[in-house]
Amino acid sequence: MARLIDRDGLHRFSAGSRVLATGAAESAYRLSLDWACAVIGDGVELVSADELPAGTWCAVITLVGSMTALGEQIPEGDEPERAVRALERRLGERVGAIAALNLAAENALMPLITAAGLGVPLVDGDGTGRVFPLVEQTTYTLGGVNVAPLALAGGSGELVVLETAADRVEELLRPVVLSVGGWGVAACYPMTARDLAGVVVPGTVSLLMRAGEPGVPRSAAAPYGARTLCRGRILAVEGGTGQGPAVGLPSQPSSIVIRESDGLRRLVRLEAHNEVVLALADGAVVATVPDQICMISTSGGMVVDVDKAEPGLEVEIMVVRAAPVWHSERGLALGGPRAFGIPL
């Protein structure tokens, strides 16, 4: 049965979207939440992919580029609709539902904003079950759906339609995003509801709405379970790991060293490349991507991004289990350690 995300549901969803979010920008999140509040009206229908008519065309919506830039450059407000309409013109089909690429903070809110603006349902699910840095690192890709054609709407009226092989989208998209002001709204991964039902990570919108309720444990936001690896104090943050940059990743490697505060008092080393991709305790591997490895501040309770880690900070390291498809051979090739330049 269809459900309705009303204003109360929006605030629970937005709170849940931050529980395990990495790479979020406070200004962009606040702007997106205000935007969502302004357009939600009587609410947005939330449906599972298999509740839609099988032939319904769906578009995946994501923010791309710098979230700091989004917070600094106020949107016109029509970016989501312009992106979807451009994709519709390319397809020759009308989009009847919206799905998310991932559900982290402001990137969770943009599909909801788009669905509200177009008056179509939002699909209860997303394309990662966590967050990856590249637009092609999705369960949609693993299911054989191409990210392109992709329509990008910039904040100053720009509109670009990109069609290329999936493994070149990131290479071509990044300079385009820079040229339109550093951020944009992308409509991509066009597919029917029949196809979407087979490749989406299901139920994750509902899960985050539950996780956003007061008193609900953080682990409720993890679709496939989570575990606490350790608690401790950051001793050092080192730029560079001795590994070369992974192909296509817009970052340089770094390492974070943590002394466990209780138990075995192990020395835990986190290797990061855009995100934490590997955890070692006293030299032994204890967690790797595709599982999500989160640093969470023990004082503020928020996820600490790699570039915000600093000596003296007390953190809890939580490992969030990825969707089963990420642990397949194809999933590991796309989102496992080697995809981030770690030769395991």
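Caption draft 1: How the structure looks around unusual backbone geometry. Residue Ala 148 is joined to Pro 149 through a cis peptide bond whose omega torsion reads 5°. Mapped onto the fold, Pro 149 is located in the loop between α6 (139-142) and β6 (150-154). Across the junction of Val 289 and Pro 290, the peptide omega takes the value 15°, indicating a cis bond. Looking at the element boundaries, Pro 290 is found in the loop between β14 (284-288) and β15 (292-297). The phi dihedral of Asp 282 is positive, around 50°, even though this residue is not glycine. Along the chain, Asp 282 falls in the loop between β13 (276-281) and β14. The exposure class of Asp 282 is exposed, given its relative accessible area of 53%.

Caption draft 2: Just the sheet that holds β14, in detail. Judged by pairing direction, the sheet is antiparallel, and its seven strands sit side by side in the order β14-β13-β12-β11-β10-β16-β15 without closing on themselves. Every other strand in the sheet has two partners, leaving β14 and β15 as the edge strands with one partner each. Going across the sheet, the axis of each strand differs from the next one's by a mean of 35°, ignoring polarity. Examined bridge by bridge, strand β10 (residues 226-239) and strand β11 (residues 254-260) share seven bridges and lie antiparallel to one another. Note on β11: the bridge partner recorded for Glu 238 is Ser 255.

Caption draft 3: Highlighting helix α4 (residues 79-91). Taking 1.5 Å as the rise per residue, α4 with 13 residues should run 18 Å; its terminal C-alpha atoms sit 19 Å apart, in good agreement. Glu 79, Pro 80, Arg 82, Ala 83, Val 84, Ala 86, Leu 87 and Glu 88 are the residues of α4 that are buried. The first or second residue beyond α4 is Gly 92, which carries a positive phi of 75°.

Caption draft 4: Structural detail: the pairing of strand β7 (residues 159-162). In terms of strand pairing, β6 meets β7 through four bridges, oriented antiparallel. Note on β7: the bridge partner recorded for Ala 151 is Val 161. Hairpin connection from β6 to β7: four residues lie between these consecutive antiparallel strands, with Gly 157 at a positive phi of about 95°.

Caption draft 5: Quick look at helix α2 (residues 26-39). When the terminal C-alpha atoms of α2 are compared, their 20 Å separation across 14 residues agrees well with the 20 Å that a helix rising 1.5 Å per residue should span. Residues of α2 that are buried: Ala 28, Tyr 29, Leu 31, Ser 32, Leu 33, Trp 35, Ala 36 and Cys 37. Close packing links the buried residues of α2 with α1 (7-16), α3 (67-72), α4 and α5 (106-118). Remark: Gly 41 follows α2 within two positions and exhibits a positive phi of approximately 55°.

Caption draft 6: Looking closely at the nonpolar core. Counting residues in each nonpolar core, the largest one holds 61 residues, and the members touching the most others are Ile 5, Leu 10, Phe 13, Leu 20, Ile 98 and Leu 122. Those residues within four positions of Ile 98 in sequence are excluded, and the remaining contacts are Ala 59, Ile 61, Val 84, Pro 111, Thr 114, Ala 115, Leu 118, Val 120, Pro 121, Leu 122 and Val 123. Listed in part, the 30 residues of the second largest apolar core include Leu 162, Leu 173, Val 180 and Ala 186.

Caption draft 7: Focus on the pairing of β11. For β11, a buried count of six out of seven residues is recorded, marking the element as mostly surrounded by other parts of the structure. Alignment of β11 against strand β12 (residues 267-272), held across six bridges, turns out to be antiparallel. From the neighbouring strand, Ser 254 faces β12, where its bridge partner is Ala 272. Linkage of β11 to β12, two consecutive antiparallel strands, is achieved through a turn of six residues, within which Gly 263 is found at a positive phi near 65°.

Caption draft 8: How the structure looks around the packing of α1 against α5. Two numbers describe how α1 lies on α5: the axes approach to 9 Å, and their chain directions differ by 150°. It follows that α1 is roughly antiparallel to α5 by the angle criterion. Judged by the twist between their axes, the crossing of α1 over α5 is right-handed. Between α1 and α5, the residues in contact are Leu 10, Phe 13 and Ser 14 and Ala 108, Leu 109 and Leu 112, respectively.

Procedures and definitions
Residues numbered from 1 in each chain as written. Predicted model: local features only at pLDDT ≥ 70, side-chain atom pairs only at ≥ 80, totals over all residues. Heavy atoms only, no water. Helix = DSSP H or I, 4+ residues; strand = E, 2+ residues; numbered from the N terminus. Buried < 20%, exposed > 50% of the residue type's maximum accessible area, 1.4 Å probe, protein only. Pairing = 2+ DSSP bridges. Axes fitted to C-alpha atoms, helices over the stretch in contact; angles between N-to-C directions. Expected span 1.5 Å × (residues − 1). Contact = heavy atoms within 4.5 Å. Core = buried A, V, L, I, M, F, W, Y, C linked by side-chain atoms within 4.5 Å. Parallel < 35°, antiparallel > 145°, perpendicular 65-115°, else oblique. Left-handed = near helix turned anticlockwise from the far one by under 90°.

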